[in-house]
Amino acid sequence: MRISLKWLQELVDVAISPEELAETLTMAGFEVEEIEDRRPWASGVVLGKIIACEQHPNADKLRVCQVDVGSSEALNIVCGAPNARADIYVPVAVVGTYLSTIDLKIKPAKLRGVPSEGMICSLAELGLSKESAGIHIFELENPKLGSDIRPLLGLDDVILDLTATANRADALSMVGVAREVAALTGASLRIPAANGVAIEGKESPGLAVEISEPQGCPIYIGTAIEGVKIAASPAWLQQRLQAAGVRPINNVVDVTNYILLEWGQPLHAFDSDRLQSFTGTQDISIGVRFAKTGESFKTLDGQNRNLQAQNLLITASDKPVALAGVMGGEDTEVHEGTQNLVLEAAIFDQATIRRSARAQGLRSEASIRYERGVNQAALTTACNRAVALILELAGGTATVQKTASSGDDLSFLRSLELRLDRVNLVLGQLKRGQTGGSKYLEPEEVKNILIALGCEVFPTEKERVFAITVPPYRYRDLEREIDLIEEVARLHGYDNFCDTLPSKTEPGYLSPEYAAIRNVRSAFRAAGLTELMHYSLVKTEGDNQVVLANPLFVEYSALRTEMLSGLIDAFQYNLEQGNGALNGFEVGRIFWKDGDAMKEADAVAGIIGGDPTVWKWQQSGRDRPLTWFEAKGILESAFQGLGLALEYQSDSSNTRLHPGRTAALSLNGKHLGVFGQLHPQLQQEKDLPEQVYVFQLDLAVLLGELGRSSNLTRKFAGYSSFPASDRDIAFFAPVEVPVVEMQSAMKKAAGSLLDSVELFDEYRGDNVPAGQRSLAFRLVYRAGDRTLSETDVEPAQQKVRDVLVEKFGVSLRS
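None of these values were measured; they are calculated from a predicted model.

Novice: What's the story with empty space enclosed by the protein in this structure? I'm lost.
Specialist: The rolling of a water-molecule-sized probe over the atoms marks out the regions of remaining empty space. As enumerated under the stated definition, the model contains one cavity of 30 Å³ or more in all. Empty space within the largest cavity amounts to approximately 200 Å³. In terms of lining, the largest cavity is formed by 22 residues, of which the most central are A169, D170, G373, N375 and Y473. Of all elements in the fold, only helix 4 (174–185) and helix 9 (365–372) reach the threshold of two or more residues within the lining of the largest cavity. Considering each element in turn, the lining of the largest cavity owes the most residues, three residues, to helix 4. Looking at the lining of the largest cavity, its residues break down into eight nonpolar, seven polar and seven charged.

Novice: Is there a simple way to think about the packing of helix 14 (residues 512–526) against helix 18 (residues 699–706) in this case?
Specialist: Two quantities define a packed helix pair, namely the angle between the axes and the distance from one axis to the other. Orientation of helix 14 relative to helix 18, taken along the N-to-C sense of each, is 105°, at an axis distance of 10 Å. The pairing of helix 14 with helix 18 is recorded here as roughly perpendicular in orientation. Contacts between helix 14 and helix 18 involve E513, A516, I517 and V520 from the first element and L699, L702, L703 and L706 from the second. When its residues are assigned to classes, the contact of helix 14 with helix 18 shows seven nonpolar, no polar and one charged.

Novice: Where do I start with the environment of E344 in this structure?
Specialist: Inspection of the secondary structure assignment puts E344 in strand 22 (residues 340–347). E344 sits in the buried class, given a relative accessible area of 6%. One polar contact links E344 to Y220, side chain to side chain, over a distance of 2.8 Å.

Novice: Before we go on, may I ask you to explain the nonpolar core in this structure?
Specialist: Looking at soluble globular proteins, one finds that nonpolar side chains tend to be buried together. The biggest cluster of nonpolar side chains holds 95 residues, and the ones touching the most others in it are L8, Y220, I259, I314, F348 and I390. Setting aside residues up to four positions removed in sequence, I390 forms contacts with I225, V228, V252, V255, L341, L343 and G395.

Novice: Honestly, helix 11 (residues 420–427) in this entry has me stumped. Any pointers?
Specialist: Structural remark: α-helix, 3.6 residues per turn; residues separated by three or four positions point the same way. By the burial criterion, the buried members of helix 11 are L420, V423, N424 and L427. When helix 11 is viewed along its axis, its buried side chains cluster within an angular range of 90° and face the same direction. G428, located one to two residues past helix 11, shows a positive phi value of around 85°.

Calculation rules
- For every chain, the first residue of its written sequence is number 1, and the numbers climb from 1 along that sequence.
- For a predicted model such as this one, the threshold for reporting local features is a pLDDT of at least 70, and the threshold for listing and counting side-chain atom pairs is 80 or more; totals across whole chains, interfaces and linings nevertheless cover every residue.
- Note that water and hydrogens are dropped before the side-chain values are worked out from all heavy atoms of the structure.
- Using a 1 Å grid laid over the protein atoms alone, points where a 1.4 Å probe fits but cannot get out form a cavity; open sets with protein on both sides within 12 Å along at least 5 of 7 lines form a pocket; any residue with an atom within 4 Å of a point counts as lining.
- Grid points are joined across faces, edges and corners, and a volume is the space filled by probe spheres set on the points.
- Only DSSP runs of H or I covering at least 4 residues are called helices, and only runs of E covering at least 2 are called strands; the numbering of each starts at the N terminus.
- Any residue outside Ala, Val, Leu, Ile, Met, Phe, Trp, Tyr, Cys, Pro, Asp, Glu, Lys and Arg is labelled polar, Gly included; the first ten of those are nonpolar and the last four are charged.
- Here an axis means a line fitted to C-alpha atoms, over the contact stretch when the element is a helix, while the angle between two N-to-C directions is reported on a 0 to 180 degree scale.
- Under this scheme an angle from 65 to 115 degrees is roughly perpendicular, one under 35 degrees roughly parallel, and one over 145 degrees roughly antiparallel; angles in between are oblique.
- Whether two residues touch is decided by their heavy atoms; if any such pair falls within 4.5 Å, the residues are in contact.
- Summary of the burial criterion: residues with accessible area below 20% of their type's maximum are buried, those above 50% are exposed, and those between are partly exposed, where the area comes from a 1.4 Å probe applied to protein chains only.
- Polar contact is defined as a pair of N or O atoms within 3.5 Å, subject to the rule that within protein one atom must be able to donate a hydrogen and the other to accept it, and that residues adjacent in sequence are counted only when both atoms are side-chain atoms.
- Grouping buried Ala, Val, Leu, Ile, Met, Phe, Trp, Tyr and Cys residues that are joined through side-chain atoms within 4.5 Å yields what is termed a nonpolar core.
- Arc, as used here, means the arc of the directions from the helix axis to the C-beta atoms.

Here you go:
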């Protein structure tokens, strides 16, 4: 909230500088984000009167003005403003003045041959508006020429941009901030008086108020005012609104906004005649209810709102005229011809207004305050003050005032007990105790702090226990003893308490699980994949999705059940933006429903595709698709970095993957996930490169294998200094037999002498039996203590031949 220091000084005696005040408020929990000192904006600008205005002899759009600024001689100033004329009062920047907002220092000059001794200013040049059509003209009686114009324009002010925490709704008003400043500084407080307003004809049947939803609206006050005259607000009111960032509109609307800023109580003025015309009746019956299905109406911002059942409405003869606590309706707004008003002052439920505003995607200054909770006890005060100001500025007569309430206790009083021993236990010792003073807060100090906050403090029969009566304007905030202790600490100053550090410190460390996740990320990055991050929220599409009860957007209405969709969309988006293929991986969480139970798990997923080559001159500039084995090699290199060996099994269960180029992955017999090429149909729909590969792995299984004792420490073995003995074996094998199974069988049959087995050739075609393929493996035998002889190798090689024939039915070729 933007706080005018000049306005604040009318409510509380502020004797410290703006910078000191900002520091005091910030240390008390009200962060001042910016100090806008307006005083330098027009330093040196004085009030002048144009006594003569003639056309410039050498320019059609310039005028030569004689300006009286209270000195012995009039100033000759060349002005280009179209509204410059004689006998008007204007702001004049004399020679030597520096206009900080436009970074201009006024110097004597000649414009088209005519000397100019200053500048007549517009509001834009003084920093009060972004654009101005011409110079500013004052409407003054008995002005003093040559006087400082800053008080006339509200530029003798400093604005503090203050942020209040969500629990301090009272700080969204000038009165609330003034109370806080008074409590912090001990200054005297002057709350604006709200004298009772004379209401004529209270029994008139022309206005009735009825609340259908007492939980959403505990109290509603409607006041009829007749014979008002809509006009511009006086300068003082406009300046205060502008300082707070509110655009002046007219005297009636400006008063409602002024009370909103002063008391934090939103108000709304309806045009009474428009209400009668809108409802077709002379008697106005104001109601409060929730919207019905299919209802709609147009708000003040010109938007036609389709209402939902959670929207609380203000109605006239059951027709919607305002979104309660959010925004009024266009059909009943106050306009230039308004003569009769109905002024609304009400209390609305916080949660109800929050849901209503969110349902429409609409937040206003009123809804922000209702969502946090306005001061119920000040409702009548704010209403009466608004009525008095309207009668003062717009004339008219208050004829009817009707109040409807739920009948609940609206006293807003709460009593709490505060134990002094508890205060000192929570807050600890004071720094003054280190210099010989009392180590803890004294009872009198605690009492004075609470009295400064507006609480009533009474002794009790219990020793060192106070009975505290909370002021109505802090009713929503001070609910428990700990809240009072917080206030004591805040006003006494957090920096006045001793720092208490732990008696023992322990160096930080990573948990084994988190360290393993770091290793997983590092391994995939080392394999050349970029780490990605997506939202866990997606559209609602499947039956087993976990759907949010209150989503922000339709696109984010459910939790993802898998991670491949997000990766595919990211791959497609990067291609469309001209960024090339996105080879990346993501570590994240997936969610699903198993019956009525909701479950979640961590997963690792990735996508690989595009041409792996950098320079393409050997391919005549054409892209070469990534092969299945190249993509598989990238995945395996990541697992080699983790010290794990993947096992592959043919799989065609995933409909989004190519049925002949998909493998189920496992580690030590435990199912890990899936790896495969995107289905050609999906690839065409997404307009992706010819071959794109994806994988999704169960992170829990992966971490479980990494956490096994055999994998916790890397094992190194010395190289054999003796030569190896190679043997090749070739055979026809059925196509459906996986190579990995044959490799595993060969390793097991050959025993410890076998150092490695590698497939180096595959052939399908002529001279190969139908349904089979020709495979050739190289087996390397090695011992660490001797050179192997034929008698060592041949028995092991024969066992390999035997197991291949017996287990897989191969036909040996060599």
